Amino acid sequence: MLIVGAGFGGICMGIKAKGAGLSVVILERAGDIGGTWRENVYPGCACDTRSHHYSFSFFMKSDWSRRFAGHAEILEYLHNAVDAFELRDDIHLNQTVRALHFDEDSSTWSVKTASGTAYRARFVVSAVGQLNQPAWPDLPGLETFSGKRMHSATWDTSYDLKGKTVAVIGNGASAVQLIPEVAKKAKHLTVFQRSPNWVVERNDRAFREIEKTLFRWIPFWAWLYRSYFYWRWEKSWPEFITNSRPAKKKTAQLKERVAQEVNSSELAATLTPKFPLGCRRILLSDDYYPALQRDNVAVETTPIERLDANSLVTADGIHHHVDCLVAATGFHSHDFLPGVQVTGLGNADLHKEWENKGGAEAYLGITVAGFPNFFFLYGPNTNLGHSSIIFMIECQVHYILKTIDLLKRKGGSAIEITHNSMGEFNRTIQQNLKRTAWAGSCNSWYKSAQGKIINNWSTHTVGYWLRTRRPIAGHYHVK
Ligand code: NAP
């Protein structure tokens, strides 16, 4: 099996596939493993899912330092997993995959990398994730700005913000983590907000030694703790259903929170979204509202019109002079396997097929008709708003190995989801998504340019778990 990417998904797949007796090669474009937790090093970068819940069920860590671990600790956890399961020699670093081609005669995939190395594999798994291509704002003059310019995902840790005048564009999940940290150091910070987001309490804190000792000596306690948060978040799923009673109740609570925590009613109004709760990612923060109320911080809502050599120019003609511009403006999230040409049966081009359908789609987010022996982790329609993506990845890894088992049982060389099954699945999921908050009137990275929701799963995670226990043989064509 050839796996593309050595982040959470690729590592999980590698461990489980090796455990199932498959030989594994993982190709990683960077010089280290870790994916998003290697790349994102902005100040305050941490996971907004609880650490015990955002880790492998089969490799639990008892000594997480905090309820919400920082990026360095998560990266260290992944390194420990790679070593514990002896995966390191199977990971080929600095290998950027450029092309995947299915050879129908041999039922194998030929894989080409940027360095010219070629591989051949019976099975290919894409584990590159959804958020790996930083998106810069499309603003005239961006290139002419001569001050320091950083994207949240390409942070320069050697740059000292102390005493600097800084602008942050954006206020999504990355921005709410970095803004409080930047505000502590900068002389002045202006946050350019296009539209506000719903923010819930994070209640983060360091674990006490006694808690870590309990987790270490009573693994059942650690398991209970993890399960508690799984079910607590799962229970919140109805908040994502448009106009549901839980959604209305939570919305009222969050409006109340802004009003209570933000002293100025004008700022509170600026920070209160008009779109439904959950339409965009619900953010978790304890220090975002306090940071915005510091004397050295201003929130600017006048749209940015352009940049010049040393300032952002807003639509009212004001020049905001800054030393440093931070774009916390998210990612290109719709490509799924960006920069890789994928050709399947009859030389079908995966990216062109998706373009013709108005956006990416797959069966259970895992497999695509016309592309046998090829699987996705964290593929189309598998992102969540309310639970841990590691849970989804483990479901997908389980399903892929069960599908390979099915192929072996049938004595075939290639297995492919039928066009009918995939079509039916996607019609149903798009129908179900219409009743969710994601279909609401907001911009989000969950929707394609045509407005189709292509990133998110349509219901609770138990539903996904049930559907990924085993493949239905009748949904597959085996060669
Ligand atoms: P994002 O949610 O896509 O937010 C991008 C922000 O940039 C938005 O506030 C957007 O405004 C703004 N923006 C974009 N172009 C702009 C422009 N021209 N002018 C003004 N504002 C502009 O990106 P993100 O914060 O990096 O988060 C992306 C995803 O990464 C999250 O949803 C989450 O899934 C993941 N993430 C997770 C964690 C974690 O702790 N697990 C942490 C960080 C990120 P509009 O909203 O008005 O479009």
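Here the structure is shown first, and the text comes after it.
Read on for a plain summary of the structure.

**Details of the nonpolar core**
Item 1. With 139 residues, the main nonpolar core has Met-1, Phe-8, Met-13, Leu-100, Ile-179 and Phe-374 as its most contacted residues.
Item 2. Top element by residues in this core is helix H11 (residues 389-410). It accounts for 13 residues.
Item 3. When residues of this core are assigned to domains, at least three map to each of domain 1 (2-133 + 332-478) and domain 2 (134-197 + 280-330).
Item 4. The contacts of Met-1, once residues within four sequence positions are left out, are Met-13, Ala-17, Leu-22, Ser-23, Val-24, Val-25, Phe-123, Val-125, Ile-400 and Ile-404.
Item 5. Counting residues in each nonpolar core, the second largest holds 11 residues, with Ala-167, Ile-169, Ile-304 and Leu-312 among its members.

**Examining the pairing of strand S6 (residues 118-121)**
Residues in a regular strand point their side chains to alternate faces of the sheet.
Item 1. Side chains Tyr-119 and Ala-121 project from S6 onto a buried face, and the interleaved Ala-118 and Arg-120 project onto a face without burial.
Item 2. Alignment of strand S5 (residues 108-113) against S6, held across four bridges, turns out to be antiparallel. Residue Lys-112 lies in a different strand from S6, and its bridge partner there is Ala-118.
Item 3. In sequence, S5 turns back onto S6 through a hairpin of four residues, with Gly-116 there showing a positive phi of about 95°.

**Observations regarding the site of the ligand**
Item 1. The full set close to the ligand counts 22 residues, and Ala-46, Asp-48, Ser-174, Ser-195 and Trp-445 are the nearest of them.
Item 2. A distance of 3.5 Å separates an oxygen atom of the ligand from a polar side-chain atom of Arg-281.
Item 3. Within the backbone of Gly-330, a nitrogen or oxygen atom sits 3.5 Å from an oxygen atom of the ligand.
Item 4. When isolated, the ligand has an accessible area of 910 Å², and the protein chains bury 85% of it.
Item 5. When residues of the shell around the ligand are assigned to their parent elements, the largest contribution, three residues, is made by helix H4 (residues 173-185).

**Some thoughts on the state of the cysteines**
Item 1. The full count for this structure, using the stated rule, is one disulfide.
Item 2. Between Cys-279 and Cys-442 runs a disulfide, and the two sulfur atoms are separated by 2.1 Å. What sets the handedness of the Cys-279 and Cys-442 disulfide is the S-S torsion sign, and at about -95° it is left-handed. Of this pair, Cys-279 sits in the loop between helix H8 (265-270) and strand S12 (283-284) while Cys-442 sits in the loop between helix H12 (419-433) and helix H13 (461-467); the two residues are 163 residues apart in sequence, bridging distant segments of the chain. The exposure classification of Cys-279 matches that of Cys-442, with both residues buried.
Item 3. The thiol sulfur of Cys-324 is not disulfide-bonded, and the nearest other cysteine sulfur, from Cys-45, lies at 17 Å.
Item 4. With no disulfide of its own, Cys-395 has Cys-12 as its nearest cysteine by sulfur position, at a separation of 10 Å.

Procedures and definitions
- Every chain's residues receive numbers from 1 upward, in the order its sequence appears when written.
- Predicted model: local features are reported for residues with pLDDT of at least 70 only, side-chain atom pairs are reported and counted for 80 or more only, and whole-chain, interface and lining totals are derived from all residues.
- Only heavy atoms go into the side-chain values, all of them from the structure, while hydrogens and water stay out.
- Remark: nonpolar core denotes a set of buried residues (Ala, Val, Leu, Ile, Met, Phe, Trp, Tyr, Cys) joined through side-chain atoms within 4.5 Å.
- Three labels apply to residues, based on accessible area from a 1.4 Å probe with only protein chains included: buried if under 20% of the type maximum, exposed if over 50%, partly exposed otherwise in between.
- Each helix is a run of H or I in the DSSP string that is no shorter than four residues. Each strand is a run of E no shorter than two, and both are numbered from the N terminus.
- Boundaries of every domain are those given by an automatic assignment or by a domain database.
- Contact criterion: two residues are considered in contact whenever any of their non-hydrogen atoms come within 4.5 Å of each other.
- Only strands joined by at least two bridges in the DSSP assignment are considered to pair.
- For this purpose, a residue is taken to be near a molecule or strand whenever a single non-hydrogen atom of the residue falls within 4 Å of it.
- Contacts described as polar in this section are N or O atom pairs within 3.5 Å, which, within protein, must combine one atom able to donate a hydrogen with one able to accept it, while residues neighboring in sequence count only if both atoms come from side chains.
- For every accessible area listed, the method is Shrake-Rupley and the probe measures 1.4 Å; residues are considered covered only by the protein chains on display.
- Cysteine sulfur atoms that come within 2.5 Å of each other are treated as a disulfide pair.

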